[in-house]
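Descriptive structure summary
Below, each chain spelled out in residue letters.
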Amino acid sequence: MLEKDLMTRGRIFDIQKFSTHDGPGIRTIVFLKGCLLRCRWCCNPESQSYDIQTMLQGGKEKTIGEDVTVAEVFEKIKKDKVYYTRSGGGITLSGGETLCQAEFAEALLRTCKNYGINTAIETTLCVPFYMIEPLIPLIDTFLVDIKHMNSAKHEEFTTMKNELILQNAVEVAKRAKSFIVRVPVIPTFNDTEEEIKDIASFAKSLHGVEQMHLLPYHRLGYDKYVGLGREYKMGDITPPDKEHMNTLKKAAESTGIKVVIGG
Amino acid sequence: MKYTVETAEKTPRIDLLKKNLMAAKPQIEVERAVLLTESYMKTEGEPMVIRRAKAFQNILENIPIVIRDHELIVGSTAKNSRGCQIFPEFSCQWVEDEFETVATRSADPFEISDENKKILSGIFKYWKGRTTSELAESYMTSATRDAIAANIFTVGNYFFNGVGHVSVRYDKVLKIGYKGIIAEAEAELEKINVGDADYVTKSALLNAVIISASAAITYANRYANLALQMAEKETDATRKKELLNIALNCSRVPANGAETFWEACQSFWFVQMLLQTESNGHSISPGRFDQYMYPYYEAYKSSPEFDKSFAQELVDCVWIKLNDMNKIRDAVSAEGFAGYSMFQNLIVGGQTAEGLDATNDMSFMCIAACMHVMLPQPSFSIRVWNKTPHELLLKAAELTRTGSGLPAYYNDEVIIPALIGRGLTVEDAREYNIIGCVEPQKGGKTWGWHDAAFFNMCRVLELVFSQGEDKGKQISIRTKPVEEIKSFEEFMDVYKVHMNYMIGLLVNADNAIDVAHAERCPLPYLSGMIDGCIESGKTPEQGGAIYNFTGPQGFGVANVADSLYAIKKLVFDEKKITLAKLKETLNANYGKNEASDLVDKIRHELEAHGVKVGEKELAEIKRQLPESSTSEYSDIRDMILSVDKFGNDLEEVDALAREAAYTYTKPLQQYKNPRGGVFHAGLYPVSANVPLGAQTGATPDGRYAYTPMADGVSPSAGMDVSGPTASANSVAKLDHGIASNGTLFNMKFHPSALEGMSGLESFVSLVRGYFDQKGMHVQFNVVSRDTLRDAQLHPEKYQSLIVRVAGYSALFTTLSKSLQDDIINRTEQGGF
């Protein structure tokens, strides 16, 4: 364990234990604050700004965001080591965009690796490749969001074009131990068979990628928008039903990739 | 390999049996009480153990017998499915007192006819002054009676009932039959000399064993004859053949050793139901069914007529029978043991005496039987150790996912060393099974007196604030006014003064009852199946068993831990509140009592409508008052709630929880019982955390008066907010080994947490992880809050909804409203 890593500081907004849907086994998720994208459907709107914010939750003000050292976070992560070992689980860095705090992420990942803890990150890969490259050997599983193959539509719904993301995906996949493509299925944005199949074809073309997760849109973030005093741009859009998700799953599977609904 | 994972499908017969079983409304039947009393009247002046045997014989020779439709395994303690008998020799005053309310009470109602009321009233006159409970009470000191009256602890279970809580040598009866046991007793009689000091008592016991075992054979023969008669009249050829086979089985077992798998199942069942008929205990636990049944299954499996589906059907039929037997308790106890539960704990897996993995085909078939029958009995358990096959755990996890609350998981790696620490041999410890809820012991060798009391640790905490007074009466040592306590250490010392004093009284209460059972209700039928009794010439109650314990359980660990921590932090470390102010706040029930005008109003209203408002009803009204939100008291409560709580994997408060548990577990183990055994603690509440919580004032952890307390070693409801792993880590920090009478950790899961193969895998890992850290027991409720709420509103839609209450499963709709609320309020741990 490196002293320098332990002292590295970062900004997080939550630590969630016993997560069983973001990477293999039982995992602890560390949510890093700050994101480059502004996805309309984002269910963690409090993750987007790097600033420490106040959000109303159940009528009470809650401070979102906390500056911590790797040592402090690691102390909490370590407590569930026995469950990671038993289940083949570990930690998952999520956000926000993990890579916005690349230095903190690197220090935390290395600390975990040195302790024998399996690592994963959830990311959109929307930063320059040179920032990602040093992290690759420290990460056991990449969970990469690919939201749309059409750059203009991607920009319209997330505020960013997708070229950098796709380019990075190609490069990272070549070097990553395990790489899983995750697609949030958002009605009005990417929930047609064609759009999903396009993403699946791309995923299938990536080096060593065998799995794709379809994550159906949900409205659980709604209260948080209210709590932050922000407008919920998804309006009354309802989550895709089970039948439709299965149709999309079949469409994606036609490319030869293995598809899991939910992840 | 000794097992295959694949099991046979359920047969249509099982659904038919279940349908008939559930259609029956529980009835009180009187034949046993009549026959018992008749015999007692004739045997006045004879040795008690002989009188007991003769009464047992009179019952078995004359009680009505019945073979129900579709049954393959026969033998019923009552004419009606789920009917119960009455056992006046233990206590009977309450039965008569509750004649008019028993059919309408909220927990476990039973119907009784006017004619039967009259019969029982007549019989009960004979029993006045002759019961175990009356003798027990006369043995207790007045201080003990005061403590019981103040609800510090309750010993109602064995005070009113037989002890039960035993596993016998099922294996022995299966192997040599009662003829073999009679031969053993006769051989012992040959050996002893008329001039021996213990000749008179020993010969009496041995003769009593012979009378009882012979009575069991007679009883089975009556079934053989009945089956024959029914076969003669039967027109359906298939059923006729079944009845003839049943007749053959009953003529062979339990008199002789079993020769077929069907006979083994039938023999087991006679043993089980006759134990109940003799003694009226609950928690008569089949124990390691997969181990002692396996030889008969294995022989069947290698025979040409082997039919896997039929073997499974027989096991399923045994499961149905386990649900056919019932028992009535007094109204108060019924709330503490709600759900008509018989706590017949049956366990699979684990290790052999030599330390090898014990999993076999029967282990998997037992899990399958639970899935087929989906009823609360047996209380199904699984032993887990480092070498437990993963496939067994996955199969068990599938059963967990059904939401039946079964199985409970037990950790060999904690329990075996704990039992060795209590004097068991390594081999015996490895062969442990569970009694009732969570109590480990070696079957066939132990009179464990598990479940000997509920000891309310929060009530003792109240005594620190009242200087040992309860409602103006000095019931404990007079300690200094709480305002004068100057440090947290001193506060702990005063708490321990009251704990130690009350534990002493608890021992007095248990030992008084123990002696009363030995004197008035020795159990000769049981004696033939517990090692040590024939050799020593004593019944288990008289100390005849190899291992003897008394295991009263403490509860409220989490409440006491959180209370002590809040006091340490807010009163002594941060000095935010004085003990005087805290006392005032607790007396005001955090401001809820400000609504006392409202209480009076509701009370008058109810009384105007003819509703009797007693202390219990008053507590319920107060419990349901709205939370206070404005006063200074509620600010204090908010402050208390913001202090760290047990159940979140936080070092300081968890360490205090360990200490809190020690205030009960450590002093207790220095005491001895009249049978030469030691006291050892359990930390589990059955479902008593609800009714006993209703007798407990506000506690310094922010808990309102009269609300449920934490259950077992689980964190307080709603206080563990950091997910299931944090909750489990906290609980694992307690010393489970010292609580060798069992600990109970309840987790509630939303079904989504166990979805798919990965859900099962994660679940198994969670159990493994908790056990790696030396947790002792864990059980799961897999239901959603919404499901339970809907079940409260529409009970008719959820007749078969099973929930894990605490150490056992029950039908949700049969539970009282307050217990239902408690189950709903336990933190729901979801998958994210």
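Residues numbered from 1 in each chain as written. Chains lettered and ligands numbered in written order. Predicted model: local features only at pLDDT ≥ 70, side-chain atom pairs only at ≥ 80, totals over all residues. Heavy atoms only, no water.

The subject of this paragraph is the overall build of chain B. The helix and strand tally for chain B stands at 33 helices and 17 strands. Based on the C-alpha atoms only, the size of chain B along its principal axes is roughly 80 × 65 × 55 Å. The buried share of chain B, taken over its 832 residues, is 65%. For chain B, contacts bridging at least 24 residues in sequence account for 78% of all contacts bridging at least 6. (Helix = DSSP H or I, 4+ residues; strand = E, 2+ residues; numbered from the N terminus. Buried < 20%, exposed > 50% of the residue type's maximum accessible area, 1.4 Å probe, protein only. Contact = heavy atoms within 4.5 Å.)

Turning our attention to the overall build of chain A. Within chain A, the secondary structure is distributed over ten helices and eleven strands. Expected size for 263 residues packed as a compact globule is a radius of gyration near 18 Å; at 18 Å, chain A falls within 12% of this value. Taken over the C-alpha atoms alone, chain A extends approximately 50 × 45 × 35 Å along its principal axes. Counting across all 263 residues of chain A, residues that qualify as buried make up 55%. A fraction of 70% describes how many contacts in chain A between residues 6 or more apart in sequence connect residues 24 or more apart. Where the 34 positive side-chain charges of chain A centre and where its 35 negative ones centre are 4 Å apart. (Rg over C-alpha atoms; globule rule 2.2 N^0.38 Å. Lys, Arg positive; Asp, Glu negative; His and termini not counted. Charge placed at Lys NZ, Arg CZ, Asp CG, Glu CD.)

A separate point is the packing of aromatic side chains. All names here are of chain B. What the rule picks out here adds up to 39 aromatic pairs over all chains. On the basis of an interplanar angle of 80° and a centroid distance of 5.5 Å, the ring pair of Phe-110 and Tyr-340 is categorised as edge-to-face. Pair noted here: Phe-110 is in the loop between α4 (93-97) and α5 (114-127) and Tyr-340 is in the loop between α15 (331-336) and β2 (345-349), with a separation of 230 residues, a long-range link. For the pair Phe-110 and Tyr-340, a shared accessibility class is recorded, and that class is buried. Summarising the aromatic geometry, the rings of Phe-261 and Tyr-300 are spaced 6.3 Å apart at their centres and angled 5° between planes, so their arrangement reads as stacked. In this pair, Phe-261 is assigned in helix α12 (residues 261-279) and Tyr-300 in helix α13 (residues 289-301), connecting sequence segments 39 residues apart. (Phe/Tyr/Trp six-rings, centres within 6.5 Å; stacked < 30°, edge-to-face > 60°.)

Residue and element names in this part refer to chain B. Among the secondary structure elements, Gly-775 is positioned in the loop between α31 (756-772) and β14 (777-782). Note on Gly-775: relative accessible area 0%, which makes it buried. For the pair Gly-775 and Leu-744, spaced 31 residues apart in sequence, the C-alpha to C-alpha distance is 9.5 Å. Leave out the neighbours within four places in its chain, and Gly-775 touches Asn-411, Val-414, Ala-732, His-736 and Tyr-770.

Counting from both sides, the interface comprises 20 residues of chain B and, opposite them, 14 residues of chain A. Taking both partners together, chain B and chain A bury about 1500 Å²; carbon and sulfur atoms supply 54% of that area. Between chain B and chain A we count three salt bridges in total. For the salt bridge of Asp-649 of chain B with Lys-79 of chain A, the shortest nitrogen-to-oxygen distance reads 3.9 Å. (Buried area = accessible area lost by both parts, 1.4 Å probe. Salt bridge = Lys/Arg side-chain N within 4 Å of Asp/Glu carboxyl O.)

Residues and elements named next belong to chain B. Buried within helix α25 (residues 579-587) we find Leu-579, Leu-582, Thr-585 and Leu-586. Buried positions in α25, seen along its axis, are confined to an arc of 115° and lie on one side of it. Looking at the buried positions of α25, the neighbouring elements they touch are α20 (457-466), α21 (488-520), α24 (557-573) and α28 (632-641). Count one or two residues on from α25 and you reach Asn-589, which has phi positive near 50°. (Arc of directions from axis to C-beta.)

This part takes up the pairing of strand β10 (residues 211-216) of chain A. Residues and elements named next belong to chain A. Bridge count for strand β9 (residues 179-185) against β10 is six bridges, and the pairing is parallel. Paired with Ile-180 across the strands is Gln-211, a residue of β10. Relative to strand β11 (residues 258-261), β10 runs parallel, the two sharing four bridges. Looking at β11, one finds that Gln-211 is bridged to Lys-258. (Pairing = 2+ DSSP bridges.)

What follows concerns the pattern of salt bridges. The final tally for this structure, using the stated rule, is 66 salt bridges over all chains. One salt bridge in this structure joins Lys-733 of chain B and Asp-649 of chain B, with 2.8 Å as the shortest N-O distance. Within this pair, whereas Lys-733 of chain B is found in the loop between α30 (723-732) and β13 (746-749), its partner Asp-649 of chain B is found in the loop between α28 and α29 (651-668), the two being separated by 84 residues in sequence. The residue Glu-651 of chain B makes a salt bridge to Lys-733 of chain B at a minimum N-O spacing of 3.3 Å. With Glu-651 of chain B in helix α29 and Lys-733 of chain B in the loop between α30 and β13, the pair connects residues that are 82 residues apart, well separated along the chain. Lys-733 of chain B gets classed as partly exposed once you look at its relative accessible area, which sits at 22%. Overlapping salt bridges bring together Lys-79 of chain A together with Asp-649, Glu-651, Asp-654 and Lys-733 of chain B as one network.

This next bit is on the nonpolar core. Of all hydrophobic cores here, the largest spans 256 residues; its most connected members are Leu-120, Phe-261, Phe-289, Trp-319, Tyr-409, Phe-455 and Phe-491 of chain B. Here the element with the most residues in this core is helix α10 (residues 199-233) of chain B; it accounts for 17 residues. Setting aside residues up to four positions removed in sequence, Phe-289 of chain B forms contacts with Phe-268, Tyr-294, Val-315, Val-318, Trp-319, Leu-346, Ile-347, Met-362 and Cys-366 of chain B. Core analysis: the next-biggest nonpolar cluster, separate from the first, contains 69 residues, Ile-139, Val-172, Val-181 and Tyr-232 of chain A among them. (Core = buried A, V, L, I, M, F, W, Y, C linked by side-chain atoms within 4.5 Å.)

What follows deals with unusual backbone geometry. Of the consecutive residues Gly-95 of chain A and Gly-96 of chain A, the connecting peptide bond is found in the cis state with omega at 5°. By secondary structure assignment, the location of Gly-96 of chain A is in the loop between β6 (90-94) and α4 (102-114). The peptide bond linking Val-253 of chain B to Pro-254 of chain B adopts the cis configuration, its omega dihedral lying at 5°. Structurally, the position occupied by Pro-254 of chain B is in the loop between α11 (237-252) and α12. If you check the backbone angles, His-165 of chain B has positive phi at about 50° while not being a glycine. Relative to the helices and strands, His-165 of chain B resides in the loop between α8 (156-160) and α9 (170-191). The phi angle at Ser-283 of chain B is positive, at roughly 65°, despite the residue not being glycine. Turning to its location among the elements, Ser-283 of chain B is positioned in the loop between α12 and α13.

Looking now at the confidence of the model for chain B. Residues and elements named next belong to chain B. In the predicted model, chain B carries a mean pLDDT of 92, and the fraction of residues at 70 or more is 94%. Taken together, the stretch residues 805-809 has pLDDT below 50 and engages in 38 contacts with residues farther than four places along the chain or on a different chain. Quick note on the complex model: pTM equals 0.91, ipTM equals 0.91. (pLDDT = per-residue confidence, 0-100.)

The pairing of strands in a sheet happens through backbone hydrogen bonds and is either parallel or antiparallel. All names here are of chain A. Read from one edge of the open sheet, nine strands run β5-β1-β2-β6-β7-β8-β9-β10-β11, paired in mixed fashion. The open sheet has two free edges, formed respectively by β5 (66-69) and β11, since each of these has just one partner strand. The average undirected angle you get between the axes of adjacent strands in this sheet is 30°. Running at roughly 175° to β6, α4 makes contact with β1 (9-19), β2 (27-32), β5, β6 and β7 (118-123) of the sheet. (Axes fitted to C-alpha atoms, helices over the stretch in contact; angles between N-to-C directions.)

Tracing the backbone shows Ser-151 of chain A in helix α6 (residues 151-158). Setting aside its immediate chain neighbours within four residues, Ser-151 of chain A contacts Lys-161, Asn-162 and Glu-163 of chain A.

Another aspect to go through is the side chain of Thr-550 of chain B. Residues and elements named next belong to chain B. Here Thr-550 shows up in strand β11 (residues 547-555). Judged by its relative accessible area of 0%, Thr-550 falls in the buried class. At 2.9 Å, the side chain of Thr-550 and the side chain of Asn-673 are in polar contact. If we skip the residues at most four places from it in the chain, Thr-550 touches Gly-448, Trp-449, Ala-452, Asp-510, Asp-514, Asn-673, Arg-675, Val-678, Phe-679 and His-680. (Polar contact = N/O pair within 3.5 Å; in protein donor to acceptor, adjacent residues only side chain to side chain.)

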